[in-house]
Amino acid sequence: MAETVGARGSVGARAGRAGTGPARAPLNDHPAPEPPDLGGWEPELDAVVVVRACGVRGRLGPTLASLAEQTYPARLTEVVVVDDGGTPVRLPQVRPGNTRTLAAGPGRSGPQDAVRAVAESSPDAAVLWLEAGTEVGRTHVEAHMRWHHLADHLVVLSGAASPEPDGGPGPEAAASGDHDPSEGPGNAGHRAWRALAGSAWSVRGGLLAECGGSGPAGRVGGEDHLAYRLAQRGAVFVPEPAAVVGGPGGPRGDGREDGGARLHRLRLENGVPLLRSRRASRRREWQVPFAEVVVEVEGARFGAVSDTVERLLGGDAADVRITLVGPWRDVPSGRHAVLDDPDAERRLVREAFRCESRVVFAEEAPRADPDVPFRLLVPPGAPVRPRAVDALAAAADACGAGLVRVRGAGGLRLERTAAFARARRLGASGPDLDAVVAALWGEYEVDPAEVLEADRPGGEGPPADWHRRMRRALRAADRHRAAADRWERRIRVLVRGLGVRLLLGRAARGARVQGP
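Since the structure is predicted, the reported quantities are computational estimates derived from the model, not experimental observations. Per-chain numbering applies: the sequence of each chain, read as written, is numbered from 1 onward. Where local features are concerned, this predicted model is filtered to residues with pLDDT of at least 70; where side-chain atom pairs are given and counted, the filter is 80 or more; whole-chain, interface and lining totals use all residues. In computing side-chain properties, one takes all heavy atoms of the structure into account and sets aside hydrogens as well as water.

**Looking at the overall build of the chain**
Then step 1. Where helices and strands are cited, they refer to DSSP runs of H or I of at least four residues and of E of at least two residues respectively, numbered from the N terminus. Summing up its helical and strand segments, the chain has 16 helices and 15 strands in all.
Then step 2. Relative accessible area decides the class of each residue, using a 1.4 Å probe on protein chains only: under 20% of the type maximum gives buried, over 50% gives exposed, and in between gives partly exposed. A burial count over the chain gives 48% of its 516 residues as buried.
Then step 3. Carbon and sulfur atoms make up 52% of the accessible area of the chain, which amounts to about 25200 Å² in all. All accessible areas in this document rest on Shrake-Rupley with a 1.4 Å probe, and a residue is counted as covered only by the protein chains that are shown.

**A short note on helix α15 (residues 432-440)**
Spacing of three or four residues puts side chains on the same side of an α-helix, whose turn is 3.6 residues.
Then step 1. For α15, every residue scored as buried is listed here: L433, V436, V437 and L440. End-on view of α15: buried residues confined to an arc of 100 degrees, all on one side of the axis.
Then step 2. Note on definitions: a residue-residue contact is assigned when non-hydrogen atoms from the two residues lie within 4.5 Å. Looking at the buried positions of α15, the neighbouring elements they touch are β13 (403-406) and α14 (417-425).
Then step 3. G442 lies just past α15 and shows a positive phi near 100 degrees. Picture the helix axis, draw a direction to every C-beta atom, and the arc is the one those directions span.

**Quick look at the sheet that holds strand β14 (residues 413-416)**
Then step 1. Read from one edge to the other, the open sheet built from seven strands follows the order β11-β10-β9-β12-β14-β13-β15, with strand pairing classed as mixed. Looking at which strands have only one partner, the edges of the open sheet turn out to be β11 (359-362) and β15 (443-446). This sheet shows a mean twist of 20 degrees between the axes of neighbouring strands, independent of strand direction.
Then step 2. One requirement defines pairing of two strands: DSSP has to find at least two bridges between them. Pairing of β13 with β14, which is carried by three bridges, proceeds in the antiparallel orientation. Axis lines are fitted to C-alpha atoms, over the contacting stretch for helices. Their N-to-C directions set the angle, which ranges from 0 to 180 degrees.

**Points about the packing of α14 against α15**
Then step 1. In contact at an axis separation of 9 Å, α14 and α15 are set at 110 degrees when each is read in the N-to-C sense. When the interaxial angle is binned, α14 and α15 end up roughly perpendicular. Judged by the sense of rotation from one axis to the other, the crossing of α14 with α15 is right-handed. Every residue of α15 that contacts α14 at A419, F420, R422, A423 and R424 is listed here: L433, D434, V436, V437 and L440.
Then step 2. For this scheme, ten residues count as nonpolar: Ala, Val, Leu, Ile, Met, Phe, Trp, Tyr, Cys and Pro. Four count as charged, namely Asp, Glu, Lys and Arg, and the remainder, Gly too, count as polar. Of the residues that constitute the contact of α14 with α15, the class distribution is seven nonpolar, no polar and three charged. Roughly parallel means an angle under 35 degrees; roughly antiparallel means over 145; roughly perpendicular covers 65 to 115; every other angle is labelled oblique. By convention, the crossing between two helices is left-handed when the near helix turns anticlockwise from the far helix through less than a right angle, and right-handed when the turn is clockwise.

**Re the confidence of the model for the chain**
Then step 1. Counting all residues, the mean pLDDT for the chain is 77, and 71% of those residues have values of 70 or more.
Then step 2. Scored from 0 to 100, pLDDT reflects the predictor's confidence in each residue. Within the model, pLDDT remains below 50 along residues 161-183, and this stretch shows 40 contacts once partners closer than five positions in the same chain are excluded.
Then step 3. Note on residues 251-257: pLDDT under 50 across the span, and 21 contacts to partners over four residues away in sequence or across chains.

**Some remarks on a nonpolar patch on the surface**
Then step 1. Think of a patch as exposed residues, more than 30% relative accessible area, with no salt bridge, where like charges cluster within 9 Å and nonpolar side chains (Val, Leu, Ile, Met, Phe, Trp, Tyr) cluster within 5 Å. Salt bridges are defined by distance alone: a side-chain nitrogen of Lys or Arg within 4 Å of a carboxyl oxygen of Asp or Glu. On the surface, a cluster of nonpolar side chains totalling about 330 Å² of accessible area is made up of W487, I491 and V495.
Then step 2. Topologically, V495 is positioned in helix α16 (residues 466-514).

**Some thoughts on the side chain of Q232**
Then step 1. Looking at where Q232 falls in the secondary structure, it is placed in helix α8 (residues 222-232).
Then step 2. Here a polar contact is recorded for every N or O atom pair within 3.5 Å, except that within protein the pair must consist of a potential hydrogen donor and a potential acceptor, and residues adjacent in sequence are included only if both atoms are side-chain atoms. Polar side-chain contacts of Q232 include one of 3.1 Å to the backbone oxygen of P370.

**Notes on the sheet that holds strand β5 (residues 135-136)**
Then step 1. Pairing in this open sheet of eight strands is mixed, and the strands run β3-β2-β1-β4-β7-β6-β8-β5 from one edge to the other. At either end of the open sheet lies a strand with only one pairing partner, and these are β3 (99-103) and β5.
Then step 2. Inspection of the sheet shows strand β6 (residues 154-159) paired to strand β8 (residues 236-246) by six bridges, in the parallel sense. By the bridge assignment, G159 is partnered in β8 with V244.

**Observations regarding helix α11 (residues 302-313)**
Then step 1. Given a helix with a known number of residues, its expected span is that number minus one, times 1.5 Å. Across its 12 residues, α11 extends 16 Å between first and last C-alpha, which sits within 8% of the 16 Å expected from 1.5 Å per residue.
Then step 2. Taken residue by residue, α11 has V305, S306, T308, V309, L312 and L313 as its buried positions. Projected onto a plane normal to the axis of α11, the buried residues spread over an arc of 170 degrees and lie on a single side.
Then step 3. The secondary structure elements touched by the buried residues of α11 are β9 (291-296), β10 (320-325), α12 (344-353), β11 and α13 (388-399).

**Some details on the nonpolar core**
Then step 1. Formed by 69 residues in total, the largest nonpolar core has its most connected members in W193, L230, F237, I322 and L324.
Then step 2. Ranked by the residues each element gives to this core, the list is headed by α13, at six residues. Joining through side-chain atoms within 4.5 Å is the link that ties buried Ala, Val, Leu, Ile, Met, Phe, Trp, Tyr and Cys residues into a set, and such a set is a nonpolar core.

**Quick look at a positive patch on the surface**
Then step 1. Working convention for charge: Lys and Arg count positive, Asp and Glu count negative, and His plus the chain ends are omitted. Charge placement uses NZ in Lys and CZ in Arg. For Asp and Glu, CG and CD serve respectively. A grouping of R471, R472, R475 and R479 is seen on the molecular surface, where their side chains present a positively charged patch.
Then step 2. Along the chain, R475 falls in helix α16.
Then step 3. Under the relative-accessibility criterion, R475 is labelled partly exposed at 48%.

**Let's talk about the environment of R278**
Then step 1. Within the secondary structure, R278 sits in helix α10 (residues 276-279).
Then step 2. Each C-alpha atom, one on R278 and one on R265, is 10.0 Å from the other, the two residues being 13 residues apart in sequence.
Then step 3. Look past the residues within four positions of R278 in its chain and what remains in contact with it is E269, N270, V272, P273, W286, V288, P289, F290 and D319.
Then step 4. Within the structure, R278 has its side chain in polar contact with the side chain of D319 (distance 3.0 Å).

**Structural notes on the pattern of salt bridges**
Close approach of charged atoms lets side chains of opposite charge pair.
Then step 1. This model, assessed by the stated rule, comprises 28 salt bridges.
Then step 2. Linking D397 and R416 is a salt bridge whose minimum nitrogen-to-oxygen distance equals 3.0 Å. With D397 in helix α13 and R416 in strand β14, this pair connects stretches of sequence that are 19 residues apart.
Then step 3. Classification of R416 by relative accessible area gives buried; the value is 5%.
Then step 4. For R405, the salt bridge is made with D434, and the minimal N-O distance between the two is 3.2 Å. Of this pair, R405 sits in strand β13 while D434 sits in helix α15, and the two are 29 residues apart along the sequence.
Then step 5. Residue classification places R405 among the partly exposed positions, given a relative accessible area of 26%.
Then step 6. A single network of salt bridges, built from pairs that share partners, joins E292, R321, D369, R375, R405, R413, E415, D434 and E443.

**Some thoughts on the layout of surface pockets**
Then step 1. Points on a 1 Å grid over protein atoms alone make up a cavity when a 1.4 Å probe fits among them but cannot get out, and a pocket when they form an open set with protein on both sides within 12 Å along at least five of seven lines; lining residues each have an atom within 4 Å of a point. Grid points are joined across faces, edges and corners, and a volume is the space filled by probe spheres set on the points. Its boundaries defined by the atoms lining it, the second largest pocket holds a volume of some 390 Å³.
Then step 2. If you trace the second largest pocket, you find 17 residues lining it, with R367, A368, F420, A421 and R424 closest to the centre.
Then step 3. Broken down by element, the residue count for the lining of the second largest pocket peaks at five residues, all from α14.
Then step 4. A per-class count over the lining of the second largest pocket returns six nonpolar, two polar and nine charged.

Encoded structure:
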């Protein structure tokens, strides 16, 4: 059983320190980790509360007034009011002592850039996001911060915080069909990131800076993209029932019409491969691929490499990026020997796929792209099926596994990027990495028939009734052979009689010509 984030009784000794150690939470399951009791611990971390005031200047007063009464130490708290409007924000009289405004400058994307700037300037602090118009309880900041003293990869979510009047999902979640109201962060596993949008949340500045603020999804639905990127970098999403947000909150977005919502949904699909609406478009290329495939080609024959790459490119999952790893610098591009070329195999591979946009040539295996959900390692010559990528990803999602192997297929394996990112955050490396991923997320093994084709070129293997079909074919062959023998005998007889008649006819014509 994996070690958990602090058990009750040991938290008191650790809570006074800004925890960055190997605090582990299997998948996104966190009933066991217990933070210190409110008011019963000594905080050390700085808290930066970012309040978005775009379009709701009149509702800023209640939010700042509730923040002025927090139990978290004022010396560790800073409030930043961000605005991307043309008119500067006027701060109300009742507000926390350490409050400042931050307006988005020209060329910036609004609050997202402001959050990014705050995160980069305060990597060790925890950044807490609020919408203007919301009201929080006196222990709201403290309830968030007690988690961040345990580990540096936690995303804390306030309770009952949907800015929609009916408590519905955000526009992107509703449009994409990815919202499940019965699924909270604790039981959502690898889908826990979907709970962030529309909530008040907090995360350590260093982790937020790695994600680039709220990402390029823009003002509408930017939180959805941010949540996905946080999960991809190993974050654990923790609901905090003691931190409840009240009040109407700010608008989700800026009141655009349906056309604007559709535009931002498409932008979100470009950056979030796991959305169901995107997976329905299977024959397209996107900004962020669904899987990154790595094939080691050194020492492999061109036929083996070409066969595997062609199968992957022609598979059902078109949004893949294939990296061919080998010593490409050693292959000269000028004149070369034709018959005894030592680089012939690699030269053939490079020429075959140099114009394919989904194929990349690299000298060494690239580091996992944090935005790509899966990484597939395939040995050259592996006869992968057209649905191999989808089958492996479905097996990983079915049980929430971080690593999927193919039985008896050597180095063929699928890695979940979020799982390996979490393991690396906990200090795992080298041979220990797989063991930590298996302990936190689980390891799954699939039957090779689900992923690999049989030796036959057709790829489907022999049918179940092959013996009955074989006997039928043998009987038909015997009938055709017997018929061929009969025709051969008839032709011989006919040919033999025709020769005699031709000879007799020629002799008769000669006798008539000579006469008596």
